[in-house]
Amino acid sequence: MTDTTTSALDNLASEDRTFPPSPEFAAQANVDASIYAEADADRVAFWGERAKRLTWAEPFEQVLDWSDAPFAKWFVGGKLNVAVNCLDRHVEAGLGDRVAYHFEGEPDGDRSSVTYRELTERVCQAANVLEGLGVQAGDRVAIYMPMILETVVAMLACARIGAPHTVVFGGFSADALATRILDCDARVVLTADGGWRKGAEVPLKPVVDEALERCPDVRTTVVVKRTGSDVAMVDGRDLWWHDTVDVAERTHEAQAFDAEHPLYVMYTSGTTGKPKGILHTSAGYLLGTSWTQWEVFDLKPETDVYWTAADIGWVTGHSYVVYGPLANATTSVIYEGAPDAPHKGRWWEIVERYGVSILYCAPTAIRTFMKWGADIPAKYDLSSLRIIGSVGEPINPEAYVWYREHIGSGRTPVVDTWWQTETGSLMISPLPGVTAGKPGAAMKALPGIGADVVDDAGNSVPDGSGGYLVLTEPWPSMLRTIWGDPERYRETYWSRFPGKYFAGDGAKKDADGDLWLLGRVDDVMNVAGHRLSTTEIESALVANPKVAEAAVVGASDETTGQAVVAFVILRGEAGDGGPEVATELREWVAKQIGKIARPRQILVVAELPKTRSGKIMRRLLRDVAENRPVGDVTTLADTTVMDTIRGGMATAA
Ligand code: ATP
Ligand code: MG
């Protein structure tokens, strides 16, 4: 970025609240500050040492082969089976009776708990069925299922036989599903009749049927009966799960695969454009997810109840609902449905019921809870919580403080974790027993991870300045390529700054050298020659007591080049905000940050366009602000939102 960036960033609001870990917490934490020194001394040896937490069928000969950069090979020569690492080895170690998941379905009272022994048996059954259907190691299998235990079973069965899965979020359209099936050429689809959300059925099998009209190579589907609604079963193609998996043999001999064997393809959220098929492989990914869950969440698998409240259909679900937690023999919670059905205290009821001790969720959820009011969580016993985490977007300082105060009882460390589908596991985060957390800052690269902020020319910026976030070293859980398109992989991530991974996010280093995420590079605004960060203006807006959520975009402007346009959702107690709310908020931003950041226009809206993973899609708002047709909306959670916002824009103009 230019010098003006630095000066503009210098003017932005500063945060001086910090939350150091209590001495009691620090004393019992899994890692202390010496872990950074160990990693810094020899990063490759550090990862080689960590890899001992996995159970290898054959040991590796080399930790990292980077000779064909940017195509990495980790743990060269090593062999293991991912499902055995997640299941069988725990049963063999005497943990068969430990609960792997407490499941909370949406229908009232629909609860069950599955132990490691039971889950292992169910995975063996599904693996036997897939093999019987002719699925071989390397074949891709698509999974389009609700948030139920069978989804985990399906994923691990694929992993067990070496068939990479591609999980497609259960809310996506037939079109989005077909595109992904075709892109990775899956021949088998695992699905369900439907799932439950807010008291209604979300049909899945009919969507599969529609998608498969475009996917002639899919020869089989296996369908879980979840809702019991009528579905059409195509003879010779569609099988019921209960007729096949539930009656299959409960043992299965697992084969060991190469450390670099493909584990899955996951499509990115599509926040910035068309989703990319990210390929993750076996050993490095499993190491990255299990190690970081243990390190960052201070996991005590014997006693903790861990809950990542994210859908399995996005990477947070893959890494921190399924692979990391299972590899660590964690007891986790999985829930189906929505936070406000049947009532707005649903999450807190779940925390209370199971004694959840670690909660991990997205800022969008936290801001929604803020909007609903602190009196709702206050009705429940949340005293079991000892760590709370955030992922997916920058967490605004006000949301962080609210989260810590009202969910974490003013006591729990908050871990703001930066990572991406591409990185596979957490990259930048505080360590809860070591770091004095700052609201809004993701703080530091984790041990063994190299992160930096660089300028346009790729030079590291000094403390106090902003620029582009890069990762400077390969890491075990890194993506290996974009499925079927190695050139796009090289081009997208490794060409902007040669030798460095370009994340696509803007960041700054504060005076202490701690890292703050500033939003997408694509979203950075240029107002009268000053580059402004969406995140900081949004955080300033959210700091106003009337505002629950804000999205800021730069719209072309005749005089200033670009002008700031803000879309805001008000907090419940703010009512309609009053007639002067737009003016009031414009002045608020000018006062908090500087006149340069004062929005040209503020629109009060009821909803913001979000991806299925809960991220604000600013590119669509920019389309509206600039009066263009909106771009690719296939990953949008609710497509009607854009029409409503466009209507509001027209009235305000
Ligand atoms: P696409 O790449 O298709 O546009 P996406 O980037 O939204 O989609 P994900 O991989 O799900 O897909 O999201 C990763 C992005 O989420 C990061 O690049 C970053 O912008 C944002 N993000 C995740 N965690 C954090 C965090 N703790 N703080 C700030 N931003 C975060
Ligand atoms: Mg991305």
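Residues numbered from 1 in each chain as written. Chains lettered and ligands numbered in written order. Predicted model: local features only at pLDDT ≥ 70, side-chain atom pairs only at ≥ 80, totals over all residues. Heavy atoms only, no water.

**Considering the overall build of the protein**
Here comes step 1: Counting its secondary structure elements, the protein contains 20 helices and 30 strands.
Here comes step 2: Taken over C-alpha atoms, the radius of gyration comes to 24 Å for the protein, in line with the 26 Å a tight globule of 653 residues would show.
Here comes step 3: Seen through its C-alpha atoms, the protein measures out along the principal axes to roughly 70 × 60 × 50 Å.
Here comes step 4: The proportion of buried residues among the 653 residues of the protein is 62%.
Here comes step 5: For the protein, the proportion of contacts with a sequence separation of at least 24, taken over those separated by at least 6, is 70%.
Here comes step 6: Put simply, the protein shows about 23100 Å² of open surface, and 49% of that area lies on carbon and sulfur atoms.
Here comes step 7: In the protein, 63 side chains carry a positive charge and 90 a negative one; their mean positions are 2 Å apart. (Helix = DSSP H or I, 4+ residues; strand = E, 2+ residues; numbered from the N terminus. Rg over C-alpha atoms; globule rule 2.2 N^0.38 Å. Buried < 20%, exposed > 50% of the residue type's maximum accessible area, 1.4 Å probe, protein only. Contact = heavy atoms within 4.5 Å. Areas by Shrake-Rupley, 256 points an atom, 1.4 Å probe, with all protein chains shown as cover. Lys, Arg positive; Asp, Glu negative; His and termini not counted. Charge placed at Lys NZ, Arg CZ, Asp CG, Glu CD.)

**Topic: the side chain of Thr421**
Here comes step 1: If you trace the backbone, Thr421 turns up in the loop between strand 20 (414-416) and strand 21 (451-454).
Here comes step 2: We classify Thr421 as buried; its relative accessible area is 10%.

**Here's the deal with the packing of aromatic side chains**
Here comes step 1: Applying the stated criterion across every chain yields a total of 34 aromatic pairs.
Here comes step 2: Between Phe297 and Tyr360 the ring centres are 4.7 Å apart and the planes differ by 65 degrees, which places this aromatic pair in the edge-to-face class. Within this pair, whereas Phe297 is found in the loop between helix 11 (283-296) and strand 16 (305-308), its partner Tyr360 is found in strand 18 (residues 358-361), the two being separated by 63 residues in sequence.
Here comes step 3: Feature note: the residues Trp66, Phe71, Trp475, Tyr489, Tyr493, Trp494 and Tyr501 constitute an aromatic cluster, connected by ring pairs. (Phe/Tyr/Trp six-rings, centres within 6.5 Å; stacked < 30°, edge-to-face > 60°.)

**Examining the pairing of strand 17 (residues 331-335)**
Here comes step 1: Burial runs high along strand 17: five of the five residues are buried.
Here comes step 2: Neither face of strand 17 is open: one carries Thr331, Val333 and Tyr335, the other Ser332 and Ile334, and all of them are buried.
Here comes step 3: With four bridges connecting them, strand 4 (residues 99-104) and strand 17 associate as parallel partners. Across the sheet, Tyr101 pairs through a bridge with Ser332, a residue of strand 17.
Here comes step 4: In this fold, strand 16 hands off to helix 12 (residues 315-327), which returns the chain to strand 17; that crossover is right-handed. (Pairing = 2+ DSSP bridges. Right-handed = clockwise from strand over helix to strand, strands pointing away.)

**A short note on the UniProt feature "binding site: CoA" (unreviewed entry) in the protein**
Here comes step 1: The positions UniProt marks with the feature "binding site: CoA" (unreviewed entry) are Arg197, Lys198, Gly199, Ala200 and Thr316. Spatially, the listed residues are scattered: they cover 120 residues, and their C-alpha atoms lie as much as 25.2 Å apart. Lining the largest pocket, out of the annotated residues just given, are Arg197, Lys198 and Thr316.
Here comes step 2: Within the secondary structure layout, Thr316 lies in helix 12.
Here comes step 3: Sequence-distant contacts of Thr316, defined by excluding residues within four places in its chain, comprise Thr308, Ala310, Val321, Tyr360, Val391 and Trp419. (UniProt positions renumbered as here; feature names shortened; annotations may be inferred. 1 Å grid on protein atoms, 1.4 Å probe; cavity = no way out; pocket = protein on both sides within 12 Å on 5 of 7 lines; lining within 4 Å.)

**Overview of the state of the cysteines**
Here comes step 1: Summed over all chains, the structure comprises zero disulfides.
Here comes step 2: Counting only cysteine sulfurs, Cys86 is the nearest neighbor of Cys124, a cysteine outside any disulfide, at a range of 13 Å.
Here comes step 3: Here Cys124 falls in the buried class, since its relative accessible area comes to 4%.
Here comes step 4: Cys184 supplies the cysteine sulfur nearest to Cys158, a cysteine that is in no disulfide, at a spacing of 11 Å.
Here comes step 5: Exposure remark for Cys158: the relative accessible area of 0% places this residue in the buried category. (Disulfide = S-S within 2.5 Å.)

**Quick word on the packing of helix 5 (residues 82-95) against helix 12**
Here comes step 1: For the pair helix 5 and helix 12, the least separation of the axes is 8 Å and the interaxial angle reads 55 degrees. The angle between helix 5 and helix 12 falls in the class oblique. Once helix 5 is placed against helix 12, the crossing between them reads as left-handed. Residues Val82, Asn85, Cys86, Arg89 and His90 of helix 5 pack against Tyr323, Leu326 and Ala327 of helix 12.
Here comes step 2: When its residues are assigned to classes, the contact of helix 5 with helix 12 shows five nonpolar, two polar and one charged. (Axes fitted to C-alpha atoms, helices over the stretch in contact; angles between N-to-C directions. Parallel < 35°, antiparallel > 145°, perpendicular 65-115°, else oblique. Left-handed = near helix turned anticlockwise from the far one by under 90°. Nonpolar A, V, L, I, M, F, W, Y, C, P; charged D, E, K, R; others polar.)

**A word on the environment of Glu336**
Here comes step 1: Position of Glu336 among the secondary structure elements: in the loop between strand 17 and helix 13 (346-354).
Here comes step 2: Between the C-alpha atom of Glu336 and that of Arg53, which follows or precedes it by 283 residues, the distance is 31 Å.
Here comes step 3: The residues contacting Glu336, other than those within four sequence positions of it, are Phe103, Glu104, Gly105, Glu106, Pro107, Pro146, Met147, Ile148, Gly195, Trp196, Arg226 and Arg346.
Here comes step 4: A distance of 2.9 Å separates a polar atom in the side chain of Glu336 from the backbone nitrogen of Trp196. (Polar contact = N/O pair within 3.5 Å; in protein donor to acceptor, adjacent residues only side chain to side chain.)

**Points about the confidence of the model for the protein**
Here comes step 1: Mean pLDDT for the protein: 94, with 97% of residues reaching 70 or above.
Here comes step 2: Note that residues 1-13 has pLDDT below 50 and, in this model, 25 contacts with residues that lie over four places away or in other chains.
Here comes step 3: Among the prediction metrics, the complex's ipTM stands at 0.99, with pTM recorded as 0.94. (pLDDT = per-residue confidence, 0-100.)

**Overview of the nonpolar core**
Here comes step 1: Within the largest apolar cluster, 138 residues are counted, with the highest numbers of intra-cluster contacts made by Tyr101, Tyr323 and Leu326.
Here comes step 2: Looking at which element gives the most residues to this core, the answer is helix 7 (residues 149-161), with 10 residues.
Here comes step 3: Here Tyr323 is in contact with Val82, Cys86, Met155, Leu156, Ala159, His165, Leu263, Tyr264, Tyr285, Leu286, Thr289 and His318, once residues within four sequence places are set aside.
Here comes step 4: If you look at the next biggest cluster of nonpolar residues, it comprises 30 residues, including Val356, Ile376, Leu382 and Trp402. (Core = buried A, V, L, I, M, F, W, Y, C linked by side-chain atoms within 4.5 Å.)

**Quick look at the site of ligand 1**
Here comes step 1: Taken together, 20 residues lie near ligand 1, and Thr268, Gly270, Thr271, Thr272 and Thr421 sit nearest.
Here comes step 2: Here an oxygen atom of ligand 1 sits 2.6 Å away from a polar atom, N or O, in the side chain of Thr268.
Here comes step 3: Alone, ligand 1 offers 630 Å² of accessible surface; in the complex the protein occludes 96% of this.
Here comes step 4: Its atoms largely coinciding with the cavity grid, ligand 1 occupies the second largest pocket.
Here comes step 5: Grouping the amino acids of the shell around ligand 1 by side-chain chemistry returns four nonpolar, nine polar and seven charged. (Near = heavy atom within 4 Å. Sits in = over half its atoms within 2 Å of the grid points.)

**Examining the sheet that holds strand 21**
Here comes step 1: With respect to topology, four strands assemble into an open sheet ordered 21-22-24-25, the strand pairing being antiparallel. Strand pairing shows two members of the sheet lacking a second neighbour, strand 21 and strand 25 (515-520), which therefore form its edges. Shown here is a sheet whose adjacent strand axes are inclined to one another by a mean of 45 degrees, direction ignored.
Here comes step 2: Two elements, strand 24 (residues 501-509) and strand 25, share five bridges in a ladder whose sense is antiparallel. Considered in strand 25, the bridge of Lys508 is made with Trp516.
Here comes step 3: Those strands touched by helix 17 (residues 534-542) are strand 24 and strand 25, and its axis lies near 100 degrees from that of strand 25.

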